[in-house]
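# Survey of secondary and tertiary structure
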Amino acid sequence: MCLLGIGAAKIDLILEKLTFKRGELVVGSFEIIGGTIEQRIKRVECDLLYIDHAKKTSRVVDSVTILTVKDIRKEQKVTIPFSFRIPETIPEPQKRTSYKFTTRLVFSEGAKSVDQDQIAIQM
């Protein structure tokens, strides 16, 4: 069932705050909670997306990947520190645009676990 994502480990990006400025350091952690069976984690991928709601498009502004080969036991909780600097060149937010972090937990076998966190960028 974990191959389909049922009972798989879950990931949650926990941030100290949700509003940032260009060049600011984002600090938080990835919290991983084991599922119904032991699974091998290959990596954690986190993208900062710029979303244009008017055009119904999104694009990756920047990414962070943490390579790790780690077994997570059933219902085990693992915390991995997270830091990310908001690029100085990030597009200025407009009326119908937004930003969000999309985080993926990639396993050796099975579906990915995905988490999304909306943030605000102030100029």
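Everything below is about the structure printed above this text.
Figured I'd write up the structure that's included with this text. Going along each chain's sequence as written, the residues are numbered from 1 onward. Per-residue local features of the predicted model are confined to residues with pLDDT of at least 70, and side-chain atom pairs are confined, for both listing and counting, to 80 or more; whole-chain, interface and lining totals are unaffected and use all residues. Only heavy atoms go into the side-chain values, all of them from the structure, while hydrogens and water stay out.

## Remarks on the overall build of the chain
For helices the rule is a DSSP run of H or I covering at least 4 residues; for strands it is a run of E covering at least 2, with both sets numbered from the N terminus onward. In terms of helices and strands, the chain carries 0 helices and 8 strands. Tracing the chain from N to C terminus, the helices and strands come up as β-β-β-β-β-β-β-β. In terms of overall dimensions, the chain has a C-alpha envelope of 45 × 30 × 20 Å along the principal axes. In this scheme, a residue with accessible area under 20% of its type's maximum is buried, one over 50% is exposed, and one in between is partly exposed, where area comes from a 1.4 Å probe on protein chains only. By the burial criterion, 42% of the 123 residues in the chain qualify as buried. Residue pairs at least 24 apart in sequence account for 69% of intrachain contacts in the chain once pairs closer than 6 positions are excluded. Values of accessible area rely on a 1.4 Å probe in the Shrake-Rupley scheme; residue burial ignores everything except the protein chains shown. Summed over its atoms, the accessible surface of the chain is roughly 7,200 Å², and 50% of this surface lies on carbon and sulfur atoms. Contact definition: two residues touch when any of their heavy atoms are within 4.5 Å.

## Considering the pattern of salt bridges
Salt bridges are defined as contacts in which a side-chain nitrogen from Lys or Arg sits within 4 Å of a carboxyl oxygen from Asp or Glu. Enumeration according to the criterion identifies 6 salt bridges in this entry. Among the ionic pairs, Lys77 bridges to Glu31, the shortest N-O distance being 3.5 Å. Pair noted here: Lys77 is in strand E6 (residues 77-85) and Glu31 is in strand E3 (residues 25-33), with a separation of 46 residues, a long-range link. What makes Lys77 exposed here is its relative accessible area of 53%.

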